[in-house]
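# Architecture at a glance
So the chains spell out like this:
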Amino acid sequence: MILTDTTKKQSRPKRQLDDSMVPAINIVFLLLIFFMIAGHIEARNADLQIPASSSEGELVARDIEIQILLNGDHYLNGQKIDKPLLESLQALESSAEPIVISEESIVTCHIDRNLPFSALDPVLSAVRQLKIKRLQIATEHK
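Residues numbered from 1 in each chain as written. Predicted model: local features only at pLDDT ≥ 70, side-chain atom pairs only at ≥ 80, totals over all residues. Heavy atoms only, no water.

What follows concerns the overall build of the protein. From N to C terminus, the protein includes three helices and five strands. Reading the helices (α) and strands (β) of the protein from amino to carboxyl end gives α-β-β-β-α-β-α-β. In the protein, which comprises 142 residues, the share counted as buried stands at 22%. Intrachain contacts of the protein at a sequence separation of at least 6 include 73% that bridge at least 24 residues. Accessible surface, the protein: about 11300 Å² in total, of which carbon and sulfur atoms supply 56%. (Helix = DSSP H or I, 4+ residues; strand = E, 2+ residues; numbered from the N terminus. Buried < 20%, exposed > 50% of the residue type's maximum accessible area, 1.4 Å probe, protein only. Contact = heavy atoms within 4.5 Å. Areas by Shrake-Rupley, 256 points an atom, 1.4 Å probe, with all protein chains shown as cover.)

In structure tokens:
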């Protein structure tokens, strides 16, 4: 009586099937990586609107007050500015009535509610560059 090892015969075709799937899996992963890298990923440029502010108490003006009108005019402490906001803020320290700008300074920004959120970019950039830690944003609509 001759005994044959049936397990070797059954595992051999299965092993060949597994070996033939490896290149297909590699190709699928390479295609996946290719499309992830080569695909054009575009950020959405949605026009975010500024939300309405609500407060029970009245907003008290602090050290620096910025106002942005619907027509795009910027006012700094009640005076219209034509220079970039950062330059105008830095000029406050050397003005006739100097205002010291420090990390403890509080900036209040009044902005028209109908403006897009991108209108706040110069304010946020200037506050970050001057390392001011407190910014109050109040929306106005006229």
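So, next bit.
Moving on: the nonpolar core. If you look at the biggest cluster of nonpolar residues, it comprises 21 residues, and the most contacted ones within it are I64, I66, L89, I111 and V123. Contributions of two or more residues to this core are made by β1 (64-68), α2 (85-91), β4 (106-112) and α3 (121-129). Once residues lying within four places of it in the same chain are set aside, the contact partners of I66 are Y75, L76, L85, V107, T108, C109, H110 and V123. (Core = buried A, V, L, I, M, F, W, Y, C linked by side-chain atoms within 4.5 Å.)

What follows deals with the packing of aromatic side chains. Describing an aromatic ring pair means giving the distance of the ring centres and the angle of the ring planes. According to the stated counting rule, one finds one aromatic pair in the structure shown. Relative to F35, the ring of F34 lies with its centre 5.2 Å away and its plane at 70°, an arrangement referred to as edge-to-face. (Phe/Tyr/Trp six-rings, centres within 6.5 Å; stacked < 30°, edge-to-face > 60°.)

Roughly 230 Å³ of internal volume is contained in the largest pocket. Among the secondary structure elements, those contributing two or more residues to the lining of the largest pocket are β3 (79-81) and α2. Of the residues assigned to the lining of the largest pocket, the class counts are five nonpolar, four polar and three charged. (1 Å grid on protein atoms, 1.4 Å probe; cavity = no way out; pocket = protein on both sides within 12 Å on 5 of 7 lines; lining within 4 Å. Points joined across faces, edges and corners; volume = space filled by probe spheres on them. Nonpolar A, V, L, I, M, F, W, Y, C, P; charged D, E, K, R; others polar.)

It is worth spelling out the side chain of D112 at this point. Secondary-structure assignment places D112 in strand β4. By relative accessible area, D112 is classed as buried at 7%. Polar side-chain contacts of D112 include one of 2.8 Å to the backbone nitrogen of N114. (Polar contact = N/O pair within 3.5 Å; in protein donor to acceptor, adjacent residues only side chain to side chain.)

All of the buried residues in α3 are V123, A126 and V127. All buried residues of α3 lie within an arc of 100° about the axis, which places them on one face of the element. In the stretch just after α3, K131 is the one whose phi turns positive, near 60°. (Arc of directions from axis to C-beta.)

It is worth spelling out the pairing of β4 at this point. With seven of seven residues buried, β4 is to be regarded as a mostly interior element. The alternating pattern of β4 places I106, T108, H110 and D112 on one face and V107, C109 and I111 on the opposite face, and all of these are buried. Here five bridges tie β1 to β4, and the two strands are oriented parallel to one another. Bridge pairing in β4 links E65 to T108. (Pairing = 2+ DSSP bridges.)

To continue, consider the environment of N114. Its place among the elements puts N114 in the loop between β4 and α3. Distance in space between the C-alpha atoms of N114 and L69 is 9.5 Å, their sequence separation being 45 residues.

Before going further, it helps to examine the environment of I111. Relative to the helices and strands, I111 is located in strand β4. In sequence terms I111 and G72 are 39 residues apart; their C-alpha atoms lie 9.8 Å from each other.

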